[in-house]
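# Residue-level structure breakdown
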Amino acid sequence: MNKRLGIQIGLAFLLVGFGQTGTSGKEVDLKARGQTLMEEKGCLNCHYVQGDGGFIAPPLNGISKYRSEADILKMLTGPRPAKKVSESYPSPEELMSHVRLDEADAKVVAAYLIGLPADESFEMKGHDNEWKDIFPQGSQFKPHKVSKSSREGRKLFYKKGCIACHSTEGRGGRIGPSLNGIGATRSKAFIEQRINSGAVIMKSGAAYQPTSYSMPPSSLPKKDVKRLSEYLLTLPSLPTE
Ligand code: HEC
Ligand code: HEC
């Protein structure tokens, strides 16, 4: 066989091979466009999708288990909530109204998201059911004495970015609840568990009810988690909260 014919036959096989691949050009295109839009519109700053992204918001892998494509479209294009100032802890939409997309982009993103397989690397579950820890001490709670360890914990609270979401001693963010006086309502074990595991928002299989932001799980060593909890237990409630 001469060399040229060999190449031609090789090329023919290659072409037949391409014709038979499982994913059509259209699917590949949708995936790429969906991924690009998620990146361009900043969705990955908050959402974890296919191995990349943040944990401020629910991960979107496997979203088809609990949402329809129509749900996603509605959320991405729907009207913004009426502005109101709530007396109590504000809802996520009040705090920061969710990004909206135009109809065409929203359709691409919704079709892309609905096709994402669930992620095997973390289990989706709510931790509220595991812990019935409300008011262990109530008004009996006396803030713990400041110790060397709690002082270290206070430093970690700033250094590890907890302060961005939580306020203590009248300073900090409002994405998470204020942690002043947390010892009245939560045990040390609860606090440590919460810092370690964060919140993943839903229980596998159950319908997910969007209620609030989630707390990202930390990867801090045990001794730092202990210091943080010791710091938090020194905090008295503030009269204004
Ligand atoms: C600043 C953070 C942030 C950005 C940026 C963001 N989201 Fe979200 N998103 C959230 C939060 C928080 C929720 C949960 C809302 C709730 O629970 O009420 C959410 C919910 C969702 C949901 C519904 C999830 C569910 O379980 O029902 C979808 C879908 C979604 N976002 C898609 C997107 C897309 C697409 C983009 C980019 C165009 C985007 N988000 C950008 C924070 C963000
Ligand atoms: C991106 C925002 C964010 C960051 C950063 C963050 N948290 Fe949270 N945290 C939350 C949200 C939202 C909640 C409420 C929902 C939940 O319990 O998961 C929460 C809940 C908690 C709770 C339970 C409060 C209660 O009464 O149930 C503790 C304790 C806590 N965080 C400590 C920490 C510590 C310590 C750090 C730093 C290592 C930290 N958080 C970092 C958002 C955050």
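Now for a quick tour of the structure. (Residues numbered from 1 in each chain as written. Chains lettered and ligands numbered in written order. Predicted model: local features only at pLDDT ≥ 70, side-chain atom pairs only at ≥ 80, totals over all residues. Heavy atoms only, no water.)

## What about the pattern of salt bridges?
So the rule is basically this: Take a side-chain nitrogen of Lys or Arg and a carboxyl oxygen of Asp or Glu: if they are within 4 Å of each other, that pair is a salt bridge. Secondary structure elements follow DSSP: runs of H or I of four or more residues count as helices, runs of E of two or more count as strands, with numbering from the N terminus. Under the scheme applied here, a residue whose accessible area is under 20% of the maximum for its type counts as buried, over 50% as exposed, and between as partly exposed, the area being computed with a 1.4 Å probe on protein chains only.
Taken as a whole and judged by the stated rule, the model has eight salt bridges. With a shortest N-O distance of 3.0 Å, Arg154 and Glu169 are connected by a salt bridge. Taken as a pair, Arg154 in helix H6 (residues 148–159) and Glu169 in the loop between strand S3 (167–168) and strand S4 (171–172) lie far apart in primary sequence, 15 residues in all. Exposure remark for Arg154: the relative accessible area of 33% places this residue in the partly exposed category. Put simply, Lys188 and Glu230 hold a salt bridge, and the shortest N to O gap is 3.6 Å. Highlighted residues: Lys188 in helix H8 (residues 188–197) and Glu230 in helix H9 (residues 222–232), separated in sequence by 42 residues. Taking relative accessible area as the criterion, Glu230 reaches 19% and is therefore assigned buried. Connected via shared salt-bridge partners are Lys188, Glu192, Lys226 and Glu230.

## Overview of the environment of Asp52
Operational definition: Should any heavy atoms of two residues lie within 4.5 Å, those residues are counted as being in contact.
With respect to the secondary-structure elements, Asp52 resides in strand S2 (residues 52–53). Between the C-alpha atom of Asp52 and that of Glu39, which follows or precedes it by 13 residues, the distance is 9.9 Å. Not counting residues within four places of it along the chain, the set of residues in contact with Asp52 comprises Leu44 and His47.

## Observations regarding the packing of helix H3 (residues 69–77) against helix H5 (residues 103–114)
Using the following cut-off: Helix axes are fitted to C-alpha atoms over the stretch in contact, other axes to C-alpha atoms as well, and angles between N-to-C directions run from 0 to 180 degrees. For classification purposes, an angle smaller than 35 degrees is called roughly parallel, one larger than 145 roughly antiparallel, one from 65 to 115 roughly perpendicular, and anything else oblique. Two helices that cross are described as forming a left-handed crossing if the nearer one is turned anticlockwise from the farther one by less than a right angle, and a right-handed crossing if clockwise. The nonpolar class holds Ala, Val, Leu, Ile, Met, Phe, Trp, Tyr, Cys and Pro. Asp, Glu, Lys and Arg form the charged class, and all remaining residues, Gly among them, are polar.
For the pair H3 and H5, interaxial distance at closest approach is 9 Å and the crossing angle is 140°. Comparing the axis directions of H3 and H5 gives the class oblique. The interaxial crossing formed by H3 with H5 has right-handed handedness. The residues of H5 that touch H3, namely those facing Glu69, Ile72, Leu73, Leu76 and Thr77, are Glu103, Ala106, Lys107, Val109, Ala110, Ala111, Leu113 and Ile114. When its residues are assigned to classes, the contact of H3 with H5 shows nine nonpolar, one polar and three charged.

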